[in-house]
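Tertiary structure, described
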Amino acid sequence: MAHFAKIGMVGKVIQVLTLNDSDMLNADNIQDESVGQQYLERHNNWPAQMWVQTSYNTKGGKYYNADGTEHSDQSKAFRGNYAAVGFEWDADNDMFLPKKPYSSWVKDITNASWKSPIGNSPDLTAGQQSQNDADTHKWVYDWNEDDQTWDLVDKTNIDPLA
Amino acid sequence: MKKVVLSEQAFIAGYVKMPKGFEIDLDKLSIDISQSTNSELPFSRTWDMLNTYVIEHTNLEHQIRLVNKNCWGDIYKPNQQTSPLLNIDPVDLKNSPDYTLLYGIKTDNCFLRIYYDDNRRAGRSWDIQLTDNMFIIFPSTNMYYIKNEQKENSNVVLTITYDYL
């Protein structure tokens, strides 16, 4: 079973369809993306070049086994992420990216995702982590788009109106 | 202070922007409507392209997942104004649609008025001109009428009703 993303006019994924392997075999009986694209154009009335194959097992630039563990052969990783509705198709980098979470974030091509302009959030201290483990606190870092900072927040007692 | 929206009357309007070479064939739809002998419009590739576009893009842009209910076409004579239209059955809401889509196929001064209530300010209305290849989606609980405001040409309008998931 193969999966193809339907790309909209502004480069966003608008649908993901499955395709039988037999429907994308070329004359040499080898799976060929362009054959699948032609099949989808004929049956779904959308241009062949706007169907892009996507890998169900690829996420964050890595290829995973069915049990969720990382595959030993990462050359199988294909186009960054398994496409979903709303994902961005980045043709220049040949990958699908999730929706940009904040306007200031920039592409992280290595991990097929987005990162803040100041990098990842700081690690929790050992004390904060032990409090999380003991369920007395829920320390997390939330991105503050206004201040462009990572803010440490305790989500133990979340205000329902927050 | 926080605002929680429990329900909304959303009117969604836009043009069907298809890739080059895959544009909606308005002539085909117009012919299908003029030749349909009953109220139901026959299935066609063109109709399917339009319907798929609407379903996929309302899901993508507004997270509204539509499911088809009914479909029909109407031809409005010059200067014709419909009586107020309502696509729900007030005594059978269970089998009534959630949303109504109007799509302009052949339009010339085709105007739409949709009625809505704004809390105690009942009976307000919103006017918009429907043009070729333009669609408007609104809740089927809203009454509306269509007016052909010129004396030369007929207007052809497609209606599709939907439920949402």
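Residues numbered from 1 in each chain as written. Chains lettered and ligands numbered in written order. Predicted model: local features only at pLDDT ≥ 70, side-chain atom pairs only at ≥ 80, totals over all residues. Heavy atoms only, no water.

Take the pairing of strand β6 (residues 134-139) of chain B next. All names here are of chain B. Most of β6 is tucked away, with 6 of its 6 residues classed as buried. As paired elements, strand β1 (residues 12-15) and β6 share 4 bridges and run antiparallel to each other. Bridging across to β6, isoleucine 12 finds its partner in isoleucine 137. The sheet contact formed by strand β3 (residues 99-106) and β6 spans 5 bridges and is antiparallel. Paired with tyrosine 99 across the bridge in β6 is proline 139. (Buried < 20%, exposed > 50% of the residue type's maximum accessible area, 1.4 Å probe, protein only. Helix = DSSP H or I, 4+ residues; strand = E, 2+ residues; numbered from the N terminus. Pairing = 2+ DSSP bridges.)

Turning our eyes to something else, we now look at the packing of aromatic side chains. Summed over the entire model, instances satisfying the criterion amount to 14 aromatic pairs over all chains. Centroid distance Tyr56(A) to Tyr82(A): 5.0 Å. Interplanar angle 70°. Geometry classified as edge-to-face. Taken as a pair, Tyr56(A) in the loop between β3 (51-54) and β4 (58-59) and Tyr82(A) in the loop between β5 (62-63) and β6 (88-90) lie far apart in primary sequence, 26 residues in all. With a relative accessible area of 24%, Tyr82(A) lands in the partly exposed category. These aromatic residues form a ring-pair network of at least three members: Phe11(B), Tyr116(B), Trp126(B), Phe138(B) and Tyr144(B). (Phe/Tyr/Trp six-rings, centres within 6.5 Å; stacked < 30°, edge-to-face > 60°.)

All right, on to the interface of chain B and chain A then. Each partner contributes residues to the interface: chain B has 13 residues there, and chain A has 15 residues. Summed over both sides, the interface of chain B with chain A buries roughly 1,200 Å², with 67% coming from carbon and sulfur. Contact with chain A buries surface across chain B, with Phe22(B), Glu56(B) and Leu60(B) losing the most and accounting together for 44% of the total. Across the contact surface, chain B and chain A share 1 salt bridge. Of the charged contacts in the structure, one is a salt bridge between Glu56(B) and Lys6(A), with a shortest N-O distance of 2.8 Å. Across the side of chain B that touches chain A, the residue classes break down as 5 nonpolar, 3 polar and 5 charged. (Contact = heavy atoms within 4.5 Å. Buried area = accessible area lost by both parts, 1.4 Å probe. Salt bridge = Lys/Arg side-chain N within 4 Å of Asp/Glu carboxyl O. Nonpolar A, V, L, I, M, F, W, Y, C, P; charged D, E, K, R; others polar.)

Either a parallel or an antiparallel arrangement is found when strands of a sheet pair, and the pairing is made through backbone hydrogen bonds. Residue and element names in this part refer to chain B. If you walk across this open sheet you meet the 5 strands as β1-β6-β3-β8-β2, and the pairing is antiparallel. Single-partner strands in this sheet number two, and they are β1 and β2 (66-76). Taking each pair of neighbouring strands and ignoring which way they run, the sheet shows an average axis angle of 20°. Sheet topology note: the β2/strand β8 (residues 155-164) ladder contains 10 bridges and is antiparallel. Counterpart to isoleucine 75 in the pairing with β8 is valine 156. The sheet strands contacting helix α1 (residues 26-35) are β2, β3 and β8, and the helix crosses β3 at an angle near 105°. (Axes fitted to C-alpha atoms, helices over the stretch in contact; angles between N-to-C directions.)

Ranked by internal contacts, the top residues of the largest apolar core, which has 45 residues, are Phe96(A), Ile24(B), Tyr103(B) and Leu158(B). A per-element tally of this core places helix α2 (residues 45-62) of chain B first, with 6 residues. Residues Tyr76(B), Leu102(B), Ile114(B) and Phe138(B) belong to the second largest nonpolar core, which totals 13 residues. (Core = buried A, V, L, I, M, F, W, Y, C linked by side-chain atoms within 4.5 Å.)

Turning to helix α1 (residues 33-44) of chain A, a few remarks are in order. Residue and element names in this part refer to chain A. When the terminal C-alpha atoms of α1 are compared, their 16 Å separation across 12 residues agrees well with the 16 Å that a helix rising 1.5 Å per residue should span. Of the residues making up α1, those classed as buried are Gly36, Gln37 and Leu40. Along the axis of α1, the buried residues cluster in a sector spanning 100°; they form a single face. The elements touched by buried residues of α1 are β1 (2-7), β2 (13-19) and β3. (Expected span 1.5 Å × (residues − 1). Arc of directions from axis to C-beta.)

Our next topic: the pairing of strand β5 (residues 121-130) of chain B. Here 8 bridges tie strand β4 (residues 110-118) of chain B to β5(B), and the two strands are oriented antiparallel to one another. Bridging across to β5(B), Ile114(B) finds its partner in Trp126(B).

Per-chain confidence: chain B averages 94 in pLDDT, with 99% of residues scoring 70 or above. For this predicted complex, the interface score ipTM comes out at 0.88, while the overall pTM is 0.90. (pLDDT = per-residue confidence, 0-100.)

Glancing now at the state of the cysteines. Covalently bonding the sulfur atom of one cysteine to the sulfur atom of another cysteine gives a disulfide. Residue and element names in this part refer to chain B. Counted by the stated rule, this structure contains 0 disulfides over all chains. Its sulfur unpaired, cysteine 110 is 16 Å from the next cysteine sulfur, which belongs to cysteine 71. On the basis of relative accessible area, cysteine 110 is assigned to the buried category, the value being 1%. (Disulfide = S-S within 2.5 Å.)

For the rest of this paragraph, the subject is the sheet that holds strand β7 (residues 144-148) of chain B. Residue and element names in this part refer to chain B. An order of β5-β4-β7 is seen for the 3 strands of this open sheet, with the pairing classed as antiparallel. Edge strands, defined here as strands with exactly one partner in the open sheet, are β5 and β7. Across the sheet, the mean angle separating the axes of adjacent strands is 20° when strand polarity is ignored. Here β4 pairs with β7 via 5 bridges, running antiparallel. Its bridge partner being in β7, cysteine 110 is matched across the sheet by asparagine 148.

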